[in-house]
Amino acid sequence: MTRRLLISYLTLAALVLLCLEIPLGFVYSRGEREQVVNAAKDEAESVSAYAALSLAAGRAERDLPARVAHCAKRIGGKVVVVAASGATLATSHPGDTSVSGALADRPGIAAALRGTSTVDVRTSTIGGVEYLSVAAPVGQEAQPVGAVWLTVPTRTVHERVHHVWLLLALGGLAALTAVAVVGFAFARWAGRPIRELERATHELAEGGGRFTPVTITKGPPEVRSLAAAFNRTAARLAHLLASQRAFAGEASHQLKTPLAALRLRLENMEPDVAARARGSLTAAVTETDRLARMVEHLLAMARLEEHAAIPATVDLGTVCAERHRTWQPLFARENVSLALFTGSVGPVLAVPGAVEQIMDNLLSNALRASPPGSTVTIELRMPAPPRRALRDSRPRWVDLHVTDEGPGMTEEQRARAFDRFWRAPGAPKGGSGLGLALVQRLAHAGGGEATLHAAATGGLDVVIRLPSVRPPAEGHGPGTDRPRSTRRREAPALPA
């Protein structure tokens, strides 16, 4: 912020200086030019009037040389008086070849002998006078008796103009330096509260709700007001996070224990319940289990929302194999086959413990939806990347598919399946309606996504896409949709 403010100040100051100094420099150069031209005209007219009087009195040869020499000395230039015939009557520099010879052939002197005053001025690129000569007629303009030719050196004018431009440039640099110093101090003063707010924001984000209030007594009023609003918002957020953390910690004990005791009491009542009431007792136990799972899912989602865990490297193949071994006896007891297809997909990024929770929820849902004699498949795939540049830095993905052969879902049901507490019509009893919502949250926390598709076998294909850690160079080439290594199949034998 300080750098941006300083650049804006310097840019604005530079524009103002350019708009002021450039016109000022050109105005000064034009004023110097006009001053030199007017002075040369005045001198030429003065010498012309004196020469006319001297010629009329017959004292030209005696008085003109002294007058011409005095004028040339005063202006620091050269003065020549020419007769109507072209002969030189007087010159300030007798030995100078540039003021001798056929003077009457020079354009300025020829025009003056015809009665016309001329001024020859050549200007440099910055407006200073580079060369100046003035010719004026002597006597009546209708019948001049001679001409005066005057040249003025312009080096002094050049030096004066260049000196002024240099002073303007130095003044502009000095002004920019002063603006930079003052602007830097002001930018630091204005940006210090913003930096304090940034520090407090990072502390709040990384401290899990713990932060130090920002005490800002200096700076613009708007920033002080923003700091006060931030302190109020951060304090309220810290209070909410602390309340949620306390709820998640207390609820895990206050809810689990009564539910476990309730289920134990219901099971102990089974011997004393009449046969006609056994169905109600079983339903009560089932609802108790459903409530326990719902509490577990709610607490898991609360912990996930409370702790913004950083994704880490997870060996997806190893996790899938371990969950396959854990769930295989349960599937075998329900006469459902659990197959595993893995390949060399490499590690992925995921929140620690998230893949295990995802697998448990998906396999639990698949087991409840699968009829006896069907198969649930776990498969890892690495989708083919699109054609792109070799140095493309976009991430690669690994897809985890859990496919069952159950009744499946319609397109409308799949669109709502990730909503909290939503359950498909006719779904088996015991579900909480939070499993897929938790799966989606866990996938998003690791930078991936969760989608539902209709399986080719008529059931549901749940796809969990997670970012791969494997560099693109180690992947398979375009046009393939399977890893190059041989897949491994692990499936239990169907019970007899």
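Quantities reported herein were computed from a predicted structural model and do not represent experimental measurements.

Draft legend 1. Expanded view of the overall build of the chain. When its secondary structure is counted, the chain shows 11 helices and 13 strands. Partitioning the contacts of the chain with sequence separation of at least 6, the portion at a separation of at least 24 is 67%. Of the accessible surface of the chain, which amounts to about 27,900 Å², a share of 58% is contributed by carbon and sulfur atoms.

Draft legend 2. Here's a closer look at a positive patch on the surface. The grouping of Arg188, Arg192, Arg195 and Lys218 at the surface amounts to a positive patch. The topology assignment puts Arg188 in helix α4 (residues 155-206). In this structure Arg188 comes out as partly exposed when scored by relative accessible area, which is 35%.

Draft legend 3. View of the environment of Leu367. Structurally, Leu367 can be placed in helix α9 (residues 354-369). Between the C-alpha atoms of Leu367 and Glu405, which are 38 residues apart in sequence, the distance is 9.9 Å. Setting aside anything within four residues of it in sequence, one finds Leu367 in contact with Trp327, Leu330, Phe331, Glu334 and Val336.

Draft legend 4. Seen up close, the nonpolar core. In this structure, Leu363 and Ile464 are the most contacted members of the largest nonpolar core, which totals 43 residues. Per-element accounting of this core gives the leading share, 8 residues, to α9. Counting residues in hydrophobic clusters, the runner-up holds 23 residues, among them Val37, Ala40, Val68 and Val157.

Draft legend 5. Summary view of the pairing of strand β12 (residues 460-467). The buried fraction of β12 is high, at 7 of 8 residues. Where strand β10 (residues 397-403) meets β12, 7 bridges bridge the pair, whose relative direction is antiparallel. What sits directly across from His401, in β12, is Val463. Pairing of strand β11 (residues 449-454) with β12, which is carried by 6 bridges, proceeds in the antiparallel orientation. Counted as the bridge partner of His453 is Asp461 from β12. Counted along the chain from β11 to the antiparallel partner β12, the turn is 5 residues long, and its residue Gly458 has a positive phi close to 100°.

Draft legend 6. Local environment of the pairing of strand β1 (residues 78-83). Extensive coverage of β1 is indicated by the burial of 5 of its 6 residues. As paired elements, β1 and strand β2 (residues 88-91) share 3 bridges and run antiparallel to each other. Each bridged residue has a counterpart across the sheet, and for Val82 the counterpart in β2 is Thr88. In sequence, β1 turns back onto β2 through a hairpin of 4 residues, with Gly86 there showing a positive phi of about 100°.

Draft legend 7. Seen up close, the confidence of the model for the chain. When pLDDT is averaged along the chain, the result is 78, and 78% of the positions lie at 70 or above. Contacts of residues 473-496 to residues separated by more than four positions or lying in other chains number 51 contacts, the stretch itself having pLDDT below 50.

Draft legend 8. The pattern of salt bridges, seen in detail. Enumeration over the complete set of coordinates arrives at 9 salt bridges. Between Asp63 and Arg59 there is a salt bridge, and its shortest N-O distance comes to 3.0 Å. The exposure class assigned to Asp63 is buried, which follows from its relative accessible area of 17%. Among the residues examined, Arg59 registers a relative accessible area of 36% and is labelled partly exposed. The partner of Arg199 in a salt bridge is Glu196, and the shortest N-O contact between them spans 3.3 Å. Taken together, the positions of Arg199 and Glu196, both in helix α4 and 3 residues apart, correspond to about one turn of that helix. Through salt bridges that share partners, Glu322, Arg323 and Asp360 make up one connected network.

Calculation notes
- Residues numbered from 1 in each chain as written.
- Predicted model: local features only at pLDDT ≥ 70, side-chain atom pairs only at ≥ 80, totals over all residues.
- Heavy atoms only, no water.
- Helix = DSSP H or I, 4+ residues; strand = E, 2+ residues; numbered from the N terminus.
- Contact = heavy atoms within 4.5 Å.
- Areas by Shrake-Rupley, 256 points an atom, 1.4 Å probe, with all protein chains shown as cover.
- Patch = residues over 30% accessible without salt bridge, like charges linked within 9 Å, V, L, I, M, F, W, Y side chains within 5 Å.
- Salt bridge = Lys/Arg side-chain N within 4 Å of Asp/Glu carboxyl O.
- Lys, Arg positive; Asp, Glu negative; His and termini not counted.
- Charge placed at Lys NZ, Arg CZ, Asp CG, Glu CD.
- Buried < 20%, exposed > 50% of the residue type's maximum accessible area, 1.4 Å probe, protein only.
- Core = buried A, V, L, I, M, F, W, Y, C linked by side-chain atoms within 4.5 Å.
- Pairing = 2+ DSSP bridges.
- pLDDT = per-residue confidence, 0-100.

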